[in-house]
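# Coordinates in review
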Amino acid sequence: MATLAPEDVRRVACVGAGVIGGGWVAHFLARGYDVKAWDPAPDAEVRLRRLVDAAWPALTQLGLAEGASRDRLTVTATLEEAVVDAQFVQESAPEKLDLKRDLLARLDAATPEGVVIASSTSGYPMTDMQTEIAGAGRLVVGHPFNPPYLIPLVEVVGGVKTDAEAVAWSSRFYEVAGKSVITMDREVPGFIANRLQEALWREALHMVANGEATVKEIDDSITEGPGLRWAFMGPMLTFALAGGEGGMAHMLDHFGPSLKSPWTRLEAPELDKKLYDAVVSGCDDAAAGRTIADLVAERDQGVIDVLRATGRLPGGRTEGGK
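One structure accompanies this document, and this report is about it. Computed from a predicted model, the values in this text were never measured in an experiment.

This part takes up the layout of surface pockets. Looking at the second largest pocket, its volume works out to about 430 Å³. If you list the elements that add at least two residues to the lining of the second largest pocket, you get helix 1 (19–30), helix 2 (44–62) and helix 13 (292–309). With 7 residues, the top contributor of residues to the lining of the second largest pocket is helix 13. Looking at the lining of the second largest pocket, its residues break down into 12 nonpolar, 4 polar and 2 charged.

Here it is in structure tokens:
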């Protein structure tokens, strides 16, 4: 399997340079890697460099690694040029299964032997993508959270043909590259974080569809409510505290029966034009004139502030902190 230690990787290839792929490029550059990127879109390089430039102020606040520079990015004309001397490959193509299969096969054929190839897929299990690939043993999922340059999480899992060594190597590489890693023991549709996020998303769409809440009310209910707790303590431990000194056991005894209450709707609502328009216009209203660039900058600064306030960045809290 991999012939190079994760700590010795210096050259990364990013294939696909949209929002996710571009976010990976920015992250790897900020961690001091040489990055080659390829995307078939004719304006890919312009968009990618604009994304990296927009992310750089936030990355500077997070702390750049020694030698980190935007000048270490090369955008290649072909996929083969991007991976010819890569020591790690991150694929971030659109979520189309046939496209993923074909692209991973091309990457397997062009990438040096022993180099791990990771997919940013947000939903497909690697087992479904590696079916006809000769070097399937080195293929893993490295699922990030958007934007990859800012949110620490990456979920790592292999398919049925993936070598266990490739999974372990990838997890260690991502840790060295500054990510917070969950190494999953088995494939789960949608992985972990997306499954939880999608459940909340479905409930939000139902409430908008039924006129029960506006887009702004839904967002405020999280940012001014449980989101403040989730920034440093997940939903399970948060619920355990709801049980007082009895912890989760008391919480389940006391609130367990409410799970049968008709609060949630597990099936997604029909995304008809009325709901579509309500969600889009609601977001426009909530943006209150701010552009997407304004909102991205606001989001980035907010995440940095939370990370710093919860002691997960240099210069974070000290008094009473961890």
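Next, the rest of the story.
All right, on to the packing of aromatic side chains then. Counting across every chain of the model gives 11 aromatic pairs. When the centroid spacing of 5.8 Å and the interplanar angle of 55° are considered together, the rings of Phe173 and Tyr174 count as tilted. Owing to a relative accessible area of 0%, Phe173 belongs among the buried residues under this scheme. On the basis of relative accessibility, which here comes to 0%, the residue Tyr174 falls in the buried class.

Time to look at unusual backbone geometry. Residue Pro147 is reached from Asn146 by a cis peptide bond, and omega for that bond is -5°. Relative to the helices and strands, Pro147 is located in the loop between strand 6 (139–144) and strand 7 (153–158). With a phi angle near 65°, Phe191 is a residue other than glycine that sits in the positive phi range. By secondary structure assignment, the location of Phe191 is in the loop between strand 8 (180–183) and helix 7 (193–209). Here Ala288, not a glycine, exhibits a phi torsion of approximately 50°, which is positive. Mapped onto the secondary structure, Ala288 falls in the loop between helix 12 (273–287) and helix 13.

Interaxial distance between helix 1 and helix 2 falls to 9 Å at its minimum, and their mutual angle equals 50°. Here helix 2 runs oblique to helix 1, going by the angle between their axes. As helix 1 runs across helix 2, the sense of the crossing is right-handed. Two secondary-structure elements touch here, helix 1 through Val19, Gly22, Gly23, Val25, Ala26, Leu29 and Ala30 and helix 2 through Leu48, Leu51, Val52, Ala55, Trp56 and Leu59. Taken together, the residues of the contact of helix 1 with helix 2 sort by class into 11 nonpolar, 2 polar and no charged.

Per the counting criterion, the structure on display carries 17 salt bridges. Residue Arg290 pairs with Glu298 through a salt bridge whose shortest N-O separation is 2.8 Å. If you follow the salt bridges from partner to partner, you end up with Glu7, Arg172 and Glu175 in one network.

Viewed as axis vectors pointing N to C, helix 7 and helix 8 (residues 215–223) meet at an angle of 145°, and their least axial separation amounts to 10 Å. The element helix 7 and its partner helix 8 pack so that their crossing is right-handed. Contacts from Leu200, Ala204, Met207 and Val208 in helix 7 reach Val215, Ile218 and Ile222 in helix 8. Partitioning the contact of helix 7 with helix 8 into residue classes produces 7 nonpolar, no polar and no charged.

Each strand in a sheet pairs with another by means of backbone hydrogen bonds, the pair being arranged parallel or else antiparallel. Strand order in this open sheet of 8 strands is 3-2-1-4-5-6-7-8, and the pairing throughout is mixed. Both edges of this open sheet fall to strand 3 (73–75) and strand 8, since each of them pairs with a single strand only. Ignoring which end each strand starts from, the neighbouring axes of this sheet average 25° apart.

What follows is about the pairing of strand 2 (residues 34–38). Side-chain positions along a regular strand alternate between the two faces of the sheet. The pairing of strand 1 (residues 11–15) with strand 2 spans 5 bridges and is classified as parallel. The residue of strand 2 that forms the bridge with Ala13 is Lys36. Where the polypeptide runs from strand 1 across helix 1 and back to strand 2, its parallel neighbour, the crossover connection is right-handed. As judged from the 3 bridges shared by strand 2 and strand 3, these two strands associate in the parallel manner. Of the residues in strand 3, the one forming a bridge with Ala37 is Val75. With helix 2 bridging strand 2 and its parallel neighbour strand 3, the resulting β-α-β unit is right-handed.

By size, the foremost hydrophobic cluster in this structure holds 38 residues, and its most contacted members are Val25, Phe28, Phe88 and Phe173. Mapped by element, the contributors of at least two residues to this core are strand 1, helix 1, strand 2, helix 2, strand 7, helix 6 (164–176) and helix 13. The element that contributes the greatest number of residues to this core is helix 2, accounting for 7 residues. Once residues within four sequence positions are removed from consideration, Phe88 is found in contact with Val9, Arg11, Val12, Ala13, Phe28, Val115, Val116, Ala118, Trp169, Phe173 and Tyr174. Formed by 22 residues, the second largest nonpolar core is a distinct cluster that contains Ala82, Val83, Val115 and Phe191.

Cut-offs and rules
- Residues numbered from 1 in each chain as written.
- Predicted model: local features only at pLDDT ≥ 70, side-chain atom pairs only at ≥ 80, totals over all residues.
- Heavy atoms only, no water.
- 1 Å grid on protein atoms, 1.4 Å probe; cavity = no way out; pocket = protein on both sides within 12 Å on 5 of 7 lines; lining within 4 Å.
- Points joined across faces, edges and corners; volume = space filled by probe spheres on them.
- Helix = DSSP H or I, 4+ residues; strand = E, 2+ residues; numbered from the N terminus.
- Nonpolar A, V, L, I, M, F, W, Y, C, P; charged D, E, K, R; others polar.
- Phe/Tyr/Trp six-rings, centres within 6.5 Å; stacked < 30°, edge-to-face > 60°.
- Buried < 20%, exposed > 50% of the residue type's maximum accessible area, 1.4 Å probe, protein only.
- Axes fitted to C-alpha atoms, helices over the stretch in contact; angles between N-to-C directions.
- Parallel < 35°, antiparallel > 145°, perpendicular 65-115°, else oblique.
- Left-handed = near helix turned anticlockwise from the far one by under 90°.
- Contact = heavy atoms within 4.5 Å.
- Salt bridge = Lys/Arg side-chain N within 4 Å of Asp/Glu carboxyl O.
- Pairing = 2+ DSSP bridges.
- Right-handed = clockwise from strand over helix to strand, strands pointing away.
- Core = buried A, V, L, I, M, F, W, Y, C linked by side-chain atoms within 4.5 Å.

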